[in-house]
Amino acid sequence: MAKNKTVYRFFNIIPISLFIMLIVLGKNGNVGISSEKNSLVDKKKLIPILMYHHVGKEGVEVNKITITNKRFEEDMKYLKDNRYTPIFFNELVSYEENGTSLPEKPVIITFDDGLEDNYKYAYPVLRKNNMKATIFTIGSRIGIRNFNNDTRYSYFTWKEGKEMYESGIVEIQPHSYDLHNYKENSKHGVGVLPMSREDEDLHYDRFSKDTVQVMKLIKENIGCDSYVYAYPYGKYNSTNERVLKDLNFKVTLTTKSKYADISNGLYELKRINVPSHKKLNELLINYK
Ligand SMILES: [Zn+2]
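Computed from a predicted structure; not experimentally measured. (Residues numbered from 1 in each chain as written. Predicted model: local features only at pLDDT ≥ 70, side-chain atom pairs only at ≥ 80, totals over all residues.)

A. Representation of the overall build of the chain within the structure. When its secondary structure is counted, the chain shows 9 helices and 12 strands. Counting only contacts in the chain whose residues sit at least 6 apart along the sequence, the fraction spanning at least 24 positions is 62%. (Helix = DSSP H or I, 4+ residues; strand = E, 2+ residues; numbered from the N terminus. Contact = placed C-beta atoms within 7 Å.)

B. Quick peek at the environment of G234. Position of G234 relative to the elements: it lies in the loop between β9 (228-230) and α8 (238-246). Sequence-wise, G234 and L253 are 19 residues apart; in three dimensions their C-alpha atoms are separated by 7.1 Å. Filtering out sequence-adjacent residues up to four positions away, G234 remains in contact with T254, T255 and K256.

C. Local environment of the packing of helix α7 (residues 200-221) against α8. Two elements in contact, α7 and α8, have axes whose closest approach is 9 Å; the angle formed by their N-to-C orientations is 45 degrees. When the axes of α7 and α8 are compared, the pair comes out oblique. Helix-helix and strand crossings are classified by hand; for α7 and α8 the assignment is right-handed. Residues E200, H203, Y204, F207, S208 and T211 of α7 form the contact with α8, whose own contacting residues are T239, N240, R242, V243 and L244. Grouping the constituent residues of the contact of α7 with α8 by class yields 4 nonpolar, 5 polar and 2 charged. (Axes fitted to C-alpha atoms, helices over the stretch in contact; angles between N-to-C directions. Parallel < 35°, antiparallel > 145°, perpendicular 65-115°, else oblique. Left-handed = near helix turned anticlockwise from the far one by under 90°. Nonpolar A, V, L, I, M, F, W, Y, C, P; charged D, E, K, R; others polar.)

Everything listed here is a matter of coordinates, which is why it stays silent on function.
Structural data, given as structure tokens:
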């Protein structure tokens, strides 16, 4: 009897092991099969996160970070025609944390700096096409017109930010409170990086305070919880990452002009800059 039971157990284990193996194979995608097949599977973990800055009125001087509103309309049409679905970052978080599904061809549209032209020229296009986007604001510059007497640098107001957020198609997230500086001085380093000779603890505290300040302002004035951080100029170090994880940020973004690879989580994701001289089909075609 005891022997029969053992035999029974043995045969019972085989289908269970097979079942487990199939689950593992299904999850990781063809384990042990050619690397070509693996790389195809990995592409599902590559997400295009588009990075825009200025969207100016037709006639504006275009460059690496400035496109016209007409060009932006063309980009949105391209995404629609090619069946891309714009998503919010929280859909990526939910995919990672809860295994919820993503659309067939997800894309994330982002804007850095919180410029007034985003409200004037990009937001109407997003609204018309019902496309989601995330704007990263510099807290200390909200509502400032002609920053440093430069007419190109005007930032939308809290009221405008709130209006966009309440439309349900725009999220507002932090791009520092006051660390968007390309040169170091006595108060800050380059972007969020430490100042020369600043030790790790001081750097941690300074960056943490700056981040809490912008999070608080966004929450109070717009109502949006902060969970995605775009590093100014894409520059950061491990202390910055530690601060943001301690403050419960779920996603951090750099630049680097590559597809974001989410196979190792949602921190330090790369984004694709959209310059005026390259069309979306040139930026996206090689991957999908
Ligand atoms: Zn920026």
